Amino acid sequence: MNAVAPDAVETAMNQQWTDEEIKEIEENIALERMARPEEIAGAAAFLLSDQADYITRATIPVNGGWY
């Protein structure tokens, strides 16, 4: 089994956050922005593709360098 491990993603779930909260989060991400949903979907699509047939027990962090 494989997994995708996203961090902050631009979704309706975080629309309740203030501009200040979003700015603080983005300042801690190397790419200085939250992920777009399609970026998370791309990682999941790869793991579901034939190109990932030999990948097992992997977790792909999709986090823009947030640590």
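Residues numbered from 1 in each chain as written. Predicted model: local features only at pLDDT ≥ 70, side-chain atom pairs only at ≥ 80, totals over all residues. Heavy atoms only, no water.

## Description of the environment of Trp-66
And step 1. Relative to the elements of secondary structure, Trp-66 occurs in the segment after strand E2 (59-62).
And step 2. In sequence terms Trp-66 and Pro-6 are 60 residues apart; their C-alpha atoms lie 10.0 Å from each other.
And step 3. Apart from residues lying up to four places away in sequence, Trp-66 is in contact with Asp-7, Ala-8, Ile-25, Asn-28, Ile-29 and Ala-30. (Helix = DSSP H or I, 4+ residues; strand = E, 2+ residues; numbered from the N terminus. Contact = heavy atoms within 4.5 Å.)

## So, helix H2 (residues 37-48)
And step 1. Given a rise of 1.5 Å per residue, 12 residues ought to cover 16 Å, and the 17 Å separating the end C-alpha atoms of H2 matches this to within 8%.
And step 2. Elements that come into contact with the buried residues of H2 comprise strand E1 (3-6) and E2. (Expected span 1.5 Å × (residues − 1).)

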